[in-house]
Amino acid sequence: NGFLLPMAELRARGLTARKGFPESYDRRALTRFVADIKAGKDQVTAPVYSHLVYDIVPDRRLTVNRPDILIVEGLNVLQPALPGKDGRTRVGLADHFDFSVYVDARPEDIERWYLNRFRKLRATAFQDPSSYFRRYTQVSEEEALDYARSTWRTINLPNLVENVAPTRGRANLVIRKGPDHKVRKLSLRKL
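Residues numbered from 1 in each chain as written. Predicted model: local features only at pLDDT ≥ 70, side-chain atom pairs only at ≥ 80, totals over all residues. Heavy atoms only, no water.

(A) Here's a closer look at the environment of F3. Position of F3 among the secondary structure elements: in the segment before α1 (7–12). Using a relative accessible area of 11% as the deciding quantity, one classes F3 as buried. Remark: the alpha-carbon pair of F3 and L52, spanning 49 residues in sequence, is separated by 16 Å. For F3, the contacting residues outside a window of four places in its chain are S24, Y25, D26, A29, L30, F33, A46 and P47. (Helix = DSSP H or I, 4+ residues; strand = E, 2+ residues; numbered from the N terminus. Buried < 20%, exposed > 50% of the residue type's maximum accessible area, 1.4 Å probe, protein only. Contact = heavy atoms within 4.5 Å.)

Okay, structure coming up:
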């Protein structure tokens, strides 16, 4: 999440309701970060994201020092490269990966897991007075869950269907999870 655009930038671009969609990330900076690590640079830095305040933390950077293994996690990391202004295809983030994994599940299961996580966070992290989501502790559970369901329907599910699921075929390994989070199937693409 460190490469999400800051909330002020998302607001300025009219993208707050599309946070998590490919256009809400600084894809160029993320690709440069991974390319620099892959090239063996001694120190590479990344922005720091806080789930508590739901934003990039100004003036904080995470430093990575020549890791042997780098795990890049995110909804949109397997997106194909965007064409350049000249129309030519550029190198994308996933082009730097040695191996990629896509964790798959039925949308109904993902929604249930999302709502369960929301309930748990409402009882824990959202209670923090500095939490961006504290307002959902100040209303009834049903009101808060209505918000979560609406977010799933209008943001998370469309992002899954339009942007995330279509990248499944780009992964080297697809892990299919069942409703209980247990792995049901592994599909390894020929390497």
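(B) View of the sheet that holds strand β4 (residues 173–177). Taking strand neighbours across the sheet as the criterion, the three strands line up as β3-β4-β5 in an open arrangement whose pairing is mixed. In this open sheet, the two edge strands, each paired with only one partner strand, are β3 (101–104) and β5 (183–188). Looking at each pair of strands side by side, their axes are set apart by 15° on average, direction ignored. Taken together, the five bridges between β4 and β5 define a ladder with antiparallel strand orientation. (Pairing = 2+ DSSP bridges. Axes fitted to C-alpha atoms, helices over the stretch in contact; angles between N-to-C directions.)

(C) Molecular detail of a nonpolar patch on the surface. A contiguous nonpolar patch, built from F99, V101, V103, L188 and L191 and spanning about 520 Å² of accessible area, is present on the exposed surface. Mapped onto the fold, F99 is located in the loop between β2 (55–64) and β3. (Patch = residues over 30% accessible without salt bridge, like charges linked within 9 Å, V, L, I, M, F, W, Y side chains within 5 Å. Areas by Shrake-Rupley, 256 points an atom, 1.4 Å probe, with all protein chains shown as cover. Salt bridge = Lys/Arg side-chain N within 4 Å of Asp/Glu carboxyl O.)

(D) Representation of a positive patch on the surface in the model. The grouping of R28, R32, K85 and R90 at the surface amounts to a positive patch. Its place among the elements puts R28 in helix α2 (residues 27–38). (Lys, Arg positive; Asp, Glu negative; His and termini not counted. Charge placed at Lys NZ, Arg CZ, Asp CG, Glu CD.)

Distances and angles like these do not, on their own, reveal function.
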